[in-house]
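Architecture at a glance
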Amino acid sequence: MSADDLRRELLAMAELDVQVRAELAAEGTLFDGYHPRMQAVHDAHATRLAAILDAHGWPGESLVGHDGADAAWLIVQHAIAQPALQRRALVILQEAVARGQAVARQAAMLEDRIRTFEGLPQRYGTQMDWDAQGELSPLPIDDPEGVDQLRRSVGLGPLAHELETHRRRAAGHERPPADWSARQRERDVWLRSVGWRT
């Protein structure tokens, strides 16, 4: 497969991901747990990305261009039911960042996602969820006082600005869970079922 073909394949996978998400959001079913249709897309893309990592390592900008590398990141960021793939990809992505083939903020966001799934505080404050008061808020952060400095080091803006953006984006499209405690229990069951926690 040529680099152009690989780029086109990654872009097509990312486009399908966004399209299905938009369709489920329009139906009002996207946020009722992990929708089976969305998971099917994510899992299929994760399988293909694993093969790409085997063949090429991280599909960085010199191989698939900026948009292709962004698409690869979106695919791995959404492979939430694939702990082994996300953990493996983080190491490969961090190596690509060190070589200038990927952007640091993407590795930071993937690291935060993995840490929150593992039950650890995130480092960069990139992962948000509804809190018990019905507010969209950052999940626990390892060093809240130093988070903005750490964010700057990977090309992210201030946490307060990102939080405001997330809340504005969610307004009218997303809603807090009717029963926050039940949602937390369901999330814990799911995290254990796919192998994030024991």
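Residues numbered from 1 in each chain as written. Predicted model: local features only at pLDDT ≥ 70, side-chain atom pairs only at ≥ 80, totals over all residues. Heavy atoms only, no water.

A few words now on the overall build of the chain. Of the regular secondary structure elements, the chain holds 8 helices and 2 strands. Reading the helices (α) and strands (β) of the chain from amino to carboxyl end gives α-α-α-α-α-β-β-α-α-α. Computed over its C-alpha atoms, the radius of gyration of the chain comes to 17 Å, within 12% of the 16 Å expected for a compact globule of 198 residues. If you line up the chain on its principal axes, its C-alpha atoms span 50 × 40 × 35 Å. In the chain, once contacts between residues fewer than 6 apart in sequence are set aside, the share between residues at least 24 apart is 59%. On the chain, roughly 10300 Å² of surface is accessible, and the fraction owed to carbon and sulfur atoms is 53%. Here the chain contributes 23 positive and 30 negative side-chain charges, whose respective centroids are spaced 1 Å apart. (Helix = DSSP H or I, 4+ residues; strand = E, 2+ residues; numbered from the N terminus. Rg over C-alpha atoms; globule rule 2.2 N^0.38 Å. Contact = heavy atoms within 4.5 Å. Areas by Shrake-Rupley, 256 points an atom, 1.4 Å probe, with all protein chains shown as cover. Lys, Arg positive; Asp, Glu negative; His and termini not counted. Charge placed at Lys NZ, Arg CZ, Asp CG, Glu CD.)

Running from N to C, helix 2 (residues 36-56) and helix 4 (residues 83-98) point in directions that differ by 35°, and their axes come no closer than 11 Å. Every pair of crossing elements has a handedness; the one defined by helix 2 and helix 4 is left-handed. Mapping the contact onto sequence places Ala46, Ala50, Leu53 and Asp54 in helix 2 and Leu85, Arg88, Ala89 and Ile92 in helix 4. Its residues placed into classes, the contact of helix 2 with helix 4 shows 6 nonpolar, no polar and 2 charged. (Axes fitted to C-alpha atoms, helices over the stretch in contact; angles between N-to-C directions. Left-handed = near helix turned anticlockwise from the far one by under 90°. Nonpolar A, V, L, I, M, F, W, Y, C, P; charged D, E, K, R; others polar.)

A few words on the layout of surface pockets. Here the largest pocket defines a volume of roughly 1900 Å³. Around the largest pocket, the lining is made up of 48 residues, and of these Arg21, Phe31, Arg113, Met128 and Glu174 lie nearest the centre. Residue assignment for the lining of the largest pocket shows that the elements contributing at least two residues are helix 1 (3-27), helix 2, helix 3 (61-77), helix 5 (104-117), strand 1 (128-130), helix 7 (159-170) and helix 8 (180-194). Tallied by class, the residues present in the lining of the largest pocket amount to 21 nonpolar, 13 polar and 14 charged. (1 Å grid on protein atoms, 1.4 Å probe; cavity = no way out; pocket = protein on both sides within 12 Å on 5 of 7 lines; lining within 4 Å. Points joined across faces, edges and corners; volume = space filled by probe spheres on them.)

Attention now moves to the packing of helix 4 against helix 5. Helix 5 packs onto helix 4 with a crossing angle of 155° between their chain directions and a minimal axis gap of 9 Å. In terms of axis orientation, helix 4 runs roughly antiparallel to helix 5. Both helix 4 and helix 5 take part in a crossing whose hand is left-handed. Residues Gln86, Arg87, Ala89, Leu90, Leu93, Gln94 and Val97 of helix 4 form the contact with helix 5, whose participating residues are Ala104, Gln106, Ala107, Leu110, Glu111, Arg113, Ile114 and Phe117. Residue composition of the contact of helix 4 with helix 5, grouped by class: 9 nonpolar, 3 polar and 3 charged. (Parallel < 35°, antiparallel > 145°, perpendicular 65-115°, else oblique.)

For the rest of this paragraph, the subject is the nonpolar core. Of all hydrophobic cores here, the largest spans 35 residues; its most connected members are Leu10, Leu49 and Trp58. Every element with two or more residues in this core is listed here: helix 1, helix 2, helix 3, helix 4, helix 5 and helix 8. Tallying contributions element by element places helix 3 first for this core, with 8 residues. Discounting residues that sit within four places of it in the chain, leucine 49 has contacts with Leu10, Ala72, Ile75 and Val76. Residues Met128, Leu136, Leu159 and Ala170 belong to the second largest nonpolar core, which totals 8 residues. (Core = buried A, V, L, I, M, F, W, Y, C linked by side-chain atoms within 4.5 Å. Buried < 20%, exposed > 50% of the residue type's maximum accessible area, 1.4 Å probe, protein only.)

Now for helix 4. Given a rise of 1.5 Å per residue, 16 residues ought to cover 22 Å, and the 23 Å separating the end C-alpha atoms of helix 4 matches this to within 8%. Of all the positions in helix 4, only Pro83, Leu85, Gln86, Ala89, Leu90, Ile92, Leu93 and Ala96 are classed as buried. Residues of helix 4 that are buried make contact with helix 2, helix 3, helix 5 and helix 8. Phi for glycine 100, located one or two positions after helix 4, is positive at around 80°. (Expected span 1.5 Å × (residues − 1).)

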